[in-house]
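Structural overview for review
Okay, here's what each chain looks like letter by letter:
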Amino acid sequence: MRVLFVHPSCLMYSEIYLRLEPLGVELVAAAARQAGHEVQLLDLQTARHADYFRLLARWRPEAVGFSLNYLANVPEVIDLAIATRERLPTCFIFVGGHSASFIASELIAHAQGAIDCVVRGEGEGITPQLLEAVAKKTDLHTLPGIVTATGEGPAPRLVESLDRVTPARDLLPHRRRYFIGTLDPCASIEFTRGCPWDCSFCSAWTFYGRSYRQISPERAVEDLQSIREPNVFIVDDVAFIYPEAGLALARAIERHRIRKRYYLETRGDVLLRNKEVFAYWKRLGLEYMFLGLEAIDEEGLKLYRKRVTLSKNFEALEYARSLGITVAVNIIADPDWDERRFATVREWALSVPEIVHLTVNTPYPGTETWATEARKLTTRDYRLFDVQHAVLPTKLPLERFYQELVRTQEVINKKHLGFAALRDTFFLAVKLLARGQTNFVRMLWKFHQVYNPARQLADHTRPVRYEMALPQTTGLRDRRALYVHHPPPVQAAG
Ligand code: B12
Ligand code: SF4
């Protein structure tokens with residue numbers, strides 16, 4: 001079969017800092033190719049809708065699979081599915097990915113016949129079986145994780161081994177457009193999957209049923225060796241939870257003399273527990289680390305159930321600084337914040353050398369906060385669920401909230417993109433431009449175009465064509481009801 005996989009566009013408010021390759025759908029595309037299908041992959045983060053429609057007309061795929069990790073992309077994917085159905089009425093159209101897995105039936109209802117099925121959970125194992133069933137015209141909704149308008153298969157299954165499929169990176173022609181900050185160009189890689197913690201605002205743990213699996217060091221090294229980019233973003237939710245695994249991988253990389261610059265995400269307590277692992281990785285090229293601090297007070301940490309103390313987080317920052325790693329931290333802005341609270345965060349952000357990101361507390365389907373807060377939502381427009389908009393009632397008038405939010409982001413940004421910082425990055429920018437890498441330099445000038453309180457407020461007044469469904473009941477009796485995958489329980493971490 002001719003199968004086209006599609007990743008939707010970037011979300012406007014994150015595009016200025018980064019644009020990364022869609023690793024999940026690359027894996028699914030690789031699995032379909034391994035099963036003998038003719039496969040293409042189009043990433044709308046680097047291509048336009050016009051390119052998609054041209055490809056449809058030219059190549060006439062028999063199946064189109066959309067990747068839907070981000071809730072804010074839901075309207076785009078539904079519209080593309082409808083437009084595809086109009087152009088190619090017999091084409092099989094399916095959707096998979098993180099967000100799609102939590103709202104499968106809702107998507108099918110919105111699309112009114114344009115989406116044939118939604119694949120819940122990991123896609124690389126089931127997609128070849130699904131395509132085979134489509135070709136043989138057998139029932140789809142008997143397959144694990146498959147949801148159609150007429151039925152739903154059994155619960156999705158975790159793939160037996162993460163070593164079997166390697167991402168089809170070769171299917172993406174515009175690889176130089178992927179970057180994160182100064183790591184330009186930048187590829188992505190996965191070493192582990194899942195997270196054993198259970199933060200209330202996050203759906204990473206509910207998607208994988210709190211499981212945690214690792215790719216073997218041999219396979220990880222092989223994948224790394226195939227990457228041509230000098231920079232690599234590690235997509236793992238929490239890097240190097242288990243020190244032995246982090247060290248084994250580091251040793252294998254050293255043995256193979258692989259030299260890259262790395263960006264990873266982890267937790268403060270994991271960093272402190274496994275200091276020697278991170279120090280080793282620093283020697284291998286670890287340059288940036290993202291720590292999800294989420295709050296700068298104990299109360300906030302408890303609210304998000306981070307299971308870490310404030311002093312541990314601050315100690316972790318100290319340790320990362322001592323290693324010479326540049327750290328980016330995230331703080332969650334609660335809709336409850338007033339001017340005083342924003343001012344405190346501004347003050348704190350200016351007092352530390354780290355890059356501070358501010359995101360707005362957003363209940364997503366699949367999170368615990370969704371089960372407890374969704375009924376309070378002030379909007380049901382998917383596009384606003386991008387952690388840059390307030391979707392819960394704000395204590396300040398909404399306009400004032402955005403003014404404070406953008407002012408805070410601006411103050412923080414000036415710290416890094418202001419004149420003094422620019423002077424420091426000048427030579428780097430020139431070097432990148434000389435190599436034809438323009439992503440980082442463009443980013444430096446984009447902030448004011450994107451972050452603008454009036455524009456953020458205006459986003460709330462756009463007509464809404466697809467409205468999110470609310471949960472049937474409030475509260476949550478059994479957290480396992482949120483799970484997409486239901487593996488046997490693992491021991492809780494932290
Ligand atoms: C890496 C990552 C990123 C990267 C890369 C994104 C990219 N281009 O793909 C970066 C840093 C850019 C990023 C940014 C953001 N992210 Co992010 N990100 C992740 C993270 C940690 C891992 C994703 C990943 O690569 N996993 C590894 C691959 C192998 O898994 P996968 O992509 O899920 O793919 C599998 C399945 O989903 C499925 N599948 C995927 N596509 C398809 C397609 C088909 C057809 C099929 C059948 C199956 C299928 O099969 C794949 C293989 O098993 C997830 C958390 C998580 N664990 O999922 C958050 C996560 C997806 N991000 C999230 C958010 C909120 C964001 C931001 C909005 C944050 C911000 N501060 O601005 C931005 C938005 C970016 C944008 N769209 O423009 C939320 C999503 C919430 C939601 N429901 O919408 C998540 C779940 C994190 C969380 N804690 O809640 N992110
Ligand atoms: S530690 Fe990170 S990935 Fe794990 S549940 Fe908490 S926020 Fe999500």
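Calculation rules
- Residues numbered from 1 in each chain as written.
- Chains lettered and ligands numbered in written order.
- Predicted model: local features only at pLDDT ≥ 70, side-chain atom pairs only at ≥ 80, totals over all residues.
- Near = placed C-beta within 6 Å.
- Helix = DSSP H or I, 4+ residues; strand = E, 2+ residues; numbered from the N terminus.
- Nonpolar A, V, L, I, M, F, W, Y, C, P; charged D, E, K, R; others polar.
- Domains from an automatic or database assignment.
- Contact = placed C-beta atoms within 7 Å.

Observations concerning the site of ligand 1
If you check the shell around ligand 1, you find 38 residues, and the closest are Gly-24, Gly-65, Ser-67, Gly-96 and Gly-123. A per-element tally of the shell around ligand 1 places helix α2 (residues 23–34) first, with 5 residues. Class assignment for the residues of the shell around ligand 1 results in 20 nonpolar, 13 polar and 5 charged. For the shell around ligand 1, the two domains that each supply at least three residues are domain 1 (2–147) and domain 2 (178–480).

Structural notes on the site of ligand 2
Every residue lining ligand 2 is accounted for by Cys-195, Trp-197, Asp-198, Cys-199, Cys-202, Ala-204, Trp-205, Asp-237, Val-238, Arg-267 and Gly-292. Looking at the shell around ligand 2 residue by residue, the class counts come to 7 nonpolar, 1 polar and 3 charged.

Here we look at the domain arrangement of the protein
Partitioning the protein into domains gives domain 1 (2–147) and domain 2 (178–480). Taking only C-alpha atoms into account, the centre of domain 1 sits 26 Å from that of domain 2. Taken together, the contact pairs 21 residues of domain 1 with 28 residues of domain 2. Listing elements by their share of the side of domain 1 that touches domain 2, those giving two or more residues are α1 (12–15), β2 (18–19), α4 (74–87), α5 (98–102) and α6 (104–111).

Remarks on unusual backbone geometry
Note that the residue after Asp-184, namely Pro-185, is joined by a cis bond; omega there is 0 degrees. Secondary-structure assignment places Pro-185 in the loop between β8 (179–180) and β9 (186–189). Unlike most non-glycine residues, Arg-60 shows phi in positive territory, near 45 degrees. Within the secondary structure, Arg-60 is located in the loop between α3 (49–59) and β4 (63–67). Positive phi values are uncommon outside glycine, yet Glu-294 reaches one of about 75 degrees. By the element assignment, Glu-294 lies in strand β14 (residues 286–294).

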